Amino acid sequence: MNHFTPIEPTRPAAPYIGGKRMLAPAIIKRINGVPHVTYAEPFVGMGGVFLRRTNVPKAEVINDYSGDVAVFFRILQRHYAHFMEMLKFQLTSRREFERLRAANPDTLTDLERAARFLYLQKVAFGGLVEGRTFGVDVRNAGRFNITKLGPLLEDIHERLAGVIIENLSYETFIEKYDRDSTLFYLDPPYFGVEDYYGKSLFCRADFEKLAEQLASLKGKFILSLNDTPEVRHIFRAFDIEAVPVRYSVSMKNNTQAGEVLISNTNGKGA
């Protein structure tokens, strides 16, 4: 079950709150050490871990309950040329940012929705999803620059070849893809700031529900979360490894904080 194919890693197209840039190497090392046929991510976000991986198994499935995320990856996978055509004249503009932020994504075509989402995530301060504000940095060029973004989007487009993209709740996704040969990597919202990712996507009670579902899992999982007493209590049935990492949930500054990798890959909780 350990027949992996080496791949060239890439990086996300835009910031996303809770992205795992600093922690990704440790997580990927753990992923590479677990035999599996199917790799599955219930909370893919902008792909902070998925895109940085260096080996792939036979099957890969990514998922996010956010329609914006799922549509973005599906459009980039299947309609790359049309997507690039929509983006090529886009500039960094406060007025355009405010216009797109005010638009209802449900009224847009999938191409328009994907372009809106990428633009807002690229231009917004700190990768915020809920409560986005126009990001200004006088020391650097405008945040949306298609000449730099284009090659990265092409890399992601190629990376998505053969990947299954879902738009399900995490419970349904886990149930659907749980097999003895599946490895789940889970990156849910941080405990205490669940609403930073959007209303009604994930709430405080979901941590208990997730722990209960993982306790009966057939496959293996690795889960990353912020290190709090509540998190350690909720997931106490599993292996918990503390990993120091520099990040900021407040988005105001970088602070040294704790994160944990929770898993059943060593037998506990299995």
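Residues numbered from 1 in each chain as written. Predicted model: local features only at pLDDT ≥ 70, side-chain atom pairs only at ≥ 80, totals over all residues. Heavy atoms only, no water.

Chemist: Help me understand the pairing of strand β6 (residues 182-186), please; the structure alone is not making it clear to me.
Modeler: On a regular strand, each side chain points to the face opposite its neighbour's, so the side chains alternate between the two faces of the sheet. Across the 5 residues of β6, 5 count as buried, placing the element largely inside the fold. Of the two faces of β6, the one carrying Thr-182, Phe-184 and Leu-186 and the one carrying Leu-183 and Tyr-185 are both buried. For strand β2 (residues 38-41) and β6, the ladder comprises 3 bridges, and the chain directions are parallel. Bridge assignment links Thr-38 to a residue of β6, and that residue is Thr-182. Of the pairings in the sheet, the one linking β6 to strand β7 (residues 220-226) comprises 4 bridges and is parallel in character. By the bridge assignment for β7, Leu-183 is matched with Lys-220. (Buried < 20%, exposed > 50% of the residue type's maximum accessible area, 1.4 Å probe, protein only. Helix = DSSP H or I, 4+ residues; strand = E, 2+ residues; numbered from the N terminus. Pairing = 2+ DSSP bridges.)

Chemist: Help me out: how do you make sense of the environment of Gly-126 in this one?
Modeler: Here Gly-126 lies in the loop between α5 (110-123) and α6 (146-159). Sequence-wise, Gly-126 and Pro-15 are 111 residues apart; in three dimensions their C-alpha atoms are separated by 6.9 Å.

Chemist: Can you help me understand the side chain of Asp-68 in this one?
Modeler: With respect to the helices and strands, the residue Asp-68 is situated in helix α2 (residues 67-78). When sequence neighbours within four positions are dropped, the list of residues in contact with Asp-68 reads Pro-105, Arg-113, Arg-116 and Phe-117. (Contact = heavy atoms within 4.5 Å.)

Chemist: Looking at this model, I keep getting lost on the pattern of salt bridges. Mind explaining?
Modeler: For side chains of opposite charge, pairing can occur when their charged atoms come near one another. For the coordinates displayed, the defined rule picks out 15 salt bridges. The partner of Asp-110 in a salt bridge is Arg-74, and the shortest N-O contact between them spans 2.4 Å. Pair noted here: Asp-110 is in helix α5 and Arg-74 is in helix α2, with a separation of 36 residues, a long-range link. Taking relative accessible area as the criterion, Arg-74 reaches 26% and is therefore assigned partly exposed. Linked by salt bridges that have partners in common, Asp-68, Asp-106, Arg-113 and Arg-116 make up one network. (Salt bridge = Lys/Arg side-chain N within 4 Å of Asp/Glu carboxyl O.)

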